[in-house]
There are 2 protein chains.
Amino acid sequence: MKKMVVHQILQDAAYQHAATPVVSGGTILTYEAIFERTVRLAQSFIGLGIRPGTVVGVMAVNNHQYFELHYALSLVGAIIHPINFRLAPEDILWTIQDAQDEWLFLGSGFDELTPKMVPLVHHVVWMGGGDPASPGLDYEALVRAGTFQVPEVAQTVVPQDIYTMFYTTGTTGRPKGIRYTHQQMLSGALQIAHHLALHDTGARLMAHDVIMPLIPFFHIHGWGIPFVAPYIGASLVLPERRDPVGQRDLIRRHQVTWANMVPTQLLMLLAADPGPLPLKILTGGSPLTSGLAQQASNVGIRFSLIYGGTDQLGSAISTAPGLSGPQAIRELSSHLTPFPMVRLEVRDESGSNVPQDGTTLGEVWVQSPWLPEGYVNNDEASSSAYQSGWFRTGDLAVRYPDGHFAIMDRITDAIKSGGEWITGSAIESIISEIPGVSGVAVIGVPDPRWGERPQAIITEAPGVDAEMVRDVLNQAVLQGRIPRFWVPDTIKFVDMLPMTSAGKINKGKLRHSSSV
Amino acid sequence: MKKMVVHQILQDAAYQHAATPVVSGGTILTYEAIFERTVRLAQSFIGLGIRPGTVVGVMAVNNHQYFELHYALSLVGAIIHPINFRLAPEDILWTIQDAQDEWLFLGSGFDELTPKMVPLVHHVVWMGGGDPASPGLDYEALVRAGTFQVPEVAQTVVPQDIYTMFYTTGTTGRPKGIRYTHQQMLSGALQIAHHLALHDTGARLMAHDVIMPLIPFFHIHGWGIPFVAPYIGASLVLPERRDPVGQRDLIRRHQVTWANMVPTQLLMLLAADPGPLPLKILTGGSPLTSGLAQQASNVGIRFSLIYGGTDQLGSAISTAPGLSGPQAIRELSSHLTPFPMVRLEVRDESGSNVPQDGTTLGEVWVQSPWLPEGYVNNDEASSSAYQSGWFRTGDLAVRYPDGHFAIMDRITDAIKSGGEWITGSAIESIISEIPGVSGVAVIGVPDPRWGERPQAIITEAPGVDAEMVRDVLNQAVLQGRIPRFWVPDTIKFVDMLPMTSAGKINKGKLRHSSSV
């Protein structure tokens, strides 16, 4: 009987899509060749004592070695811990300890933190050629040393075994760890592909697509791409450590047709080169402003938006076609459809579903076959977030009469003014349409009369001033896009907006600086 | 935690696709309305003593009541046994006894067999209005009597519970029974949808399609459509008992875009009306001849071919585009791609994989996550068909260098002449291209010198005679489509070809009549 375990995916791809290319920077391999490398690695791991349940931290960019580790570790039943190297250094060290990583696989480029990480684990493997000054094993030597025979232990791995452990990028307190089994991780990841294929939406996925994951593997395994690509038999182009110019070069050279990225990465990709870029893009993580969407549409990009997160995996995708035009992004945002098997509800504070009127805000509750039971070593956070089979997302949304959803804000980012919600993202979207504006955040600042009032914080742009922004917002009021009381009382300009490690604007930090 | 159990699918559709229509002949309902009816039914079932594990036989055409039973029985954990009413009467009675049906749900139109079936079960429910002369309950009365509250027992149903039991339509001996769990049946059915969506093939399935299952529910639940349609949120048009003219009328009236059927049904559908028919069709069960394919393409039909069966569920689908033209059907037939998670191997008699050369025939072995463990009450057949996690299909196939497959014949239907295989289906396809030919079978007849020699048996057609057929075959030899020794020695004409209950030409019967 075939089992839903991670290494089965690559084993099948090596048989059915043997010659399909896997590009990693300048290296071109195939699923067949990669499978052989993972089997050899797995044999070496067994010799080294990596066993079912051993936790292995991996810190590297999206390259073929990292892709291989997804499968080699599954073959021996080990648990992969993709380390988020964009966390604060002390949080990185903390997650290595909290996850109880015994092994550390290190790519190149982390020299500064290396001396602090190495003592925290038992063994180190150098993926990027190694540091001759430090003790540790060489990744390529392990590939060479192993025999090409699927290890017997692979047969003992079952779908209910823990496969992966990763951390939230919460802006308050320590990151929270979450474990997913093989079945949970695969079901969640593959359902993204199924959902995208079944709908005529911008980032519609097909078996013949050429896929480039720009979402780093430490973010929910690049939103599942290491599993999705071999599962559907698609070519994979791994960007390694490429700047936006290098990424565009790879896209062109290997005729990439599909990519995922957060809006900030898209912004950089567009800034790198004004030429045409006929890509299907799955984006999410933070709101895609209509200004950026318009810019992207102009060069031939089509979108879908994904909704999900570290503590729920993927839950919904916008199923609108996502063609170009200023209306497109609004249509996309208001067409979130839950994946098959996922239930999304928008509830008020009493736990009842809000009216399906497209305007009443409530909190998103999610139920899916791949929800974890809770956070690791954090009963308090677990019991408030995971309740009787549901996950309380902390996100605000509305539901439309046709059943679709729109996510408006994090509850903690939303502004409550005179007892009414103001959704900053709607205001940000309008401001982003002003030519030249590349970054904007609207936050709530304390107000003695209204409780909170919105403040817009905009990155400096030539020719853009507060008066002009106010004019644009007043026009939007006249057009019925926002109520008059949503227009921010204050408009500030800054050099740069603070970002989180997930590439989102850090509104918590902004609120903190505004209130001091 | 959400579980992969059948009733979850409809429960989700009632929430997410509440207003999507479900048409059944002249009746129009919605997923929301249907879900309410199934819940009320389930409550009535509990009152009547239908419990987890109770086996319930259902004998009806594809209508909304039958669709509802798929879910109402799941809600109480009962096992559905879709009775194949095209089996020989004595086999129908035998399967009711072998499955240990306690309940029998009977649609209208089976008056002749009713007196023999009723005594075999404990209770009868009349789905078609009832027979006032016989004892039994009325289906609609059960819907009205139940309360609209999801029964508590639904929570106790798990993916590993048996959901369904149905029978092969074997031409030798008694039908063989097979049971599938919720998880097996759903995984297998839904993977059809995923695979069709991910490929640019003729019967590409999309969430906005309007689906009409012409495959009867007693054949592997109409190839899974009662699960697929609500899962993807597609509209469903159930044909009930419609002749081909009535089917075409329904297709037109409800703008059906996607249908499944065996080639025989397609032939009848085309004969009913020569007008345009812009449909995506999934077909299989028996070879689609190039003549029929051409005829269908001419009216706007696009195809995909599915490979699978009662004892393995679906395994592969042709992923070629399947556009029109005489080449299309050959391309389709040679582009079978296994579903993700399915392994297909073509093995010789020693168990080794045959060369991937597109010509060497071998037997198809299948491995998938939804394979059953064996036949019910039939250890001998089980142990020869199901071996160490694989299913030996008894089908002959070739594998191409690009990894795709073509299924050629059942081993029992293949012809061995002078130690070499002759695949009748290739010869049938050529003969079918002759205008006027609507049915053809090529079988092996005993031959003292060669062991077997091919014989073509063709349904009478005006202007078609043996000499003409021989000419066409000789041309095909010159074109390299078949070797010279494949040309049948004898060509016979008959009024009608014998069919199996699955709509396939009964070659066993033909061989029997030829040898006596």
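Being a predicted model, the structure only gives us computed values, none of them experimental. (Residues numbered from 1 in each chain as written. Chains lettered and ligands numbered in written order. Predicted model: local features only at pLDDT ≥ 70, side-chain atom pairs only at ≥ 80, totals over all residues.)

1. Looking at the overall build of chain A
The secondary structure content of chain A amounts to 16 helices and 26 strands. On C-alpha atoms alone, chain A measures out to a radius of gyration of 23 Å, which is about the 24 Å that the 2.2 N^0.38 rule sets for 516 residues. Residues counted as buried form 53% of the 516 residues belonging to chain A. Of the contacts made within chain A by residues no fewer than 6 positions apart, 65% connect residues no fewer than 24 positions apart. (Helix = DSSP H or I, 4+ residues; strand = E, 2+ residues; numbered from the N terminus. Rg over C-alpha atoms; globule rule 2.2 N^0.38 Å. Buried ≥ 20, exposed ≤ 12 C-beta atoms within 10 Å, placed from the backbone. Contact = placed C-beta atoms within 7 Å.)

2. Describing the interface of chain A and chain B
At the junction of the two partners, chain A supplies 27 residues and chain B supplies 27 residues. Elements represented by at least two residues in the side of chain A that touches chain B include exactly helix H1 (6-16), helix H7 (182-198) and helix H8 (220-232) of chain A. Classifying every residue of the side of chain A that touches chain B gives 15 nonpolar, eight polar and four charged. (Nonpolar A, V, L, I, M, F, W, Y, C, P; charged D, E, K, R; others polar.)

3. Focus on the domain arrangement of chain A
All names here are of chain A. Domain annotation for chain A reports domain 1 (6-407) and domain 2 (414-515). The distance between the C-alpha centroids of domain 1 and domain 2 comes to 31 Å. Counting from both sides, the interface comprises 20 residues of domain 1 and, opposite them, 18 residues of domain 2. Partitioning the side of domain 1 that touches domain 2 into residue classes produces seven nonpolar, 12 polar and one charged. (Domains from an automatic or database assignment.)

4. Looking at the pairing of strand E13 (residues 280-284) of chain A
Residues and elements named next belong to chain A. Within E13, five of the five residues are buried, which leaves it mostly tucked inside the rest of the structure. A two-sided burial pattern is seen for E13, the buried positions comprising Lys280, Leu282 and Gly284 on one face and Ile281 and Thr283 on the other. Relative to E13, strand E12 (residues 258-261) runs parallel, the two sharing four bridges. Looking across to E13, one finds that Met261 is bridged to Thr283. In terms of handedness, the path from E12 via helix H10 (residues 263-272) over to E13 forms a crossover that is right-handed. Note that E13 and strand E14 (residues 302-309) share five bridges and pair parallel. (Pairing = 2+ DSSP bridges. Right-handed = clockwise from strand over helix to strand, strands pointing away.)

5. What about the relation of the copies chain A and chain B?
With an RMSD of 0.1 Å, the operation that places chain A on chain B is a rotation of 180° combined with a shift of 0.0 Å along the axis. Between the two chains, the operation in question is that of a two-fold axis. A high fraction, 100%, of the interface residues of chain A reappear at the interface in chain B, so the copies pair face to face through one surface. (Least-squares fit on C-alpha atoms with pLDDT ≥ 70 in both.)

6. Digging into the sheet that holds strand E25 (residues 451-459) of chain B
Residues and elements named next belong to chain B. Strand order in this open sheet of three strands is E24-E25-E26, and the pairing throughout is mixed. One side of each edge strand has no neighbouring strand; the edge strands of this open sheet are strand E24 (440-447) and strand E26 (490-494). Within the sheet, the average angular offset between the axes of one strand and its neighbour, ignoring direction, is 30°. Sitting on the sheet, helix H14 (residues 424-432) touches E24 and E25, and the angle it makes with E24 is about 135°. (Axes fitted to C-alpha atoms, helices over the stretch in contact; angles between N-to-C directions.)

7. Details of the pairing of strand E24 (residues 440-447) of chain A
The pairing of E24 of chain A with strand E25 (residues 451-459) of chain A spans eight bridges and is classified as antiparallel. Residue pairing for E25 of chain A: Gly444 of chain A is matched across the bridge by Pro454 of chain A.

8. Remarks on the environment of Gly128 of chain B
Residue and element names in this part refer to chain B. With respect to the helices and strands, Gly128 occurs in the loop between strand E6 (123-126) and strand E7 (137-138). Sequence separation of Gly128 and Leu106 is 22 residues, and the distance between their C-alpha atoms is 7.3 Å. Not counting chain neighbours up to four residues away, the residues in contact with Gly128 comprise Gly107 and Ser108.

9. Quick word on unusual backbone geometry
With glycine set apart, most residues show a phi of negative sign, and most peptide bonds adopt trans. Residues and elements named next belong to chain B. With a phi angle near 55°, Asn377 is a residue other than glycine that sits in the positive phi range. Assignment of secondary structure puts Asn377 in the loop between strand E18 (362-367) and helix H13 (379-385). Taking the number of C-beta atoms within 10 Å as the measure of exposure, Asn377 has 12 and is therefore exposed. With a phi angle near 40°, Ser388 is a residue other than glycine that sits in the positive phi range. Looking at where Ser388 falls in the secondary structure, it is placed in the loop between strand E19 (386-387) and strand E20 (390-399).

10. Focus: the sheet that holds E24 of chain A
In any sheet, the strands associate via hydrogen bonds between backbone groups, in a parallel or an antiparallel arrangement. Residues and elements named next belong to chain A. Ordered by their spatial adjacency, three strands build an open sheet running E24-E25-E26, and the pairing between neighbours is mixed. Of all the strands in the sheet, the pair left with one neighbour each is E24 and strand E26 (490-494). Across the sheet, the mean angle from the axis of one strand to that of its neighbour is 30°, orientation sign disregarded. Here helix H14 (residues 424-432) sits on the sheet in contact with E24 and E25, set at roughly 135° to E24.

11. Overview of the packing of H1 of chain A against helix H3 (residues 64-75) of chain A
Residue and element names in this part refer to chain A. It is at 8 Å that the axes of H1 and H3 come closest, and there the two elements cross at 115°. Relative to H3, H1 is oriented so that their crossing is left-handed. Contact residues: H1 offers Val6, His7 and Leu10, while H3 offers His70, Tyr71, Ser74 and Leu75. By residue class, the composition of the contact of H1 with H3 is four nonpolar, three polar and no charged. (Left-handed = near helix turned anticlockwise from the far one by under 90°.)

12. Comments concerning the environment of Gly224 of chain B
Residue and element names in this part refer to chain B. Looking at the secondary structure, you find Gly224 in helix H8 (residues 220-232). The class of Gly224 is buried, set by 24 C-beta atoms lying within 10 Å. Excluding its chain neighbours within four sequence positions, the residues that come into contact with Gly224 are Gly188, Ala189 and Ile192.

13. With respect to helix H11 (residues 290-298) of chain B
Along an α-helix, a turn takes 3.6 residues, which lines up residues three or four apart on a common side. All names here are of chain B. Of all the nine residues making up H11, seven are buried; the element is thus mostly covered by neighbouring parts of the structure. When H11 is considered as a whole, its buried residues turn out to be Ser290, Gly291, Leu292, Ala293, Gln295, Ala296 and Ser297. One or two positions beyond H11, positive phi appears at Gly300, with a value near 105°.

14. With respect to the environment of Leu305 of chain A
Residue and element names in this part refer to chain A. In this fold, Leu305 is placed in strand E14. With 61 residues separating them along the chain, Leu305 and Val366 place their C-alpha atoms 17 Å apart. Other than its neighbours up to four places away in sequence, Leu305 contacts Thr283, Gly284, Leu288, Ile317, Ser318, Leu332 and Ser333.

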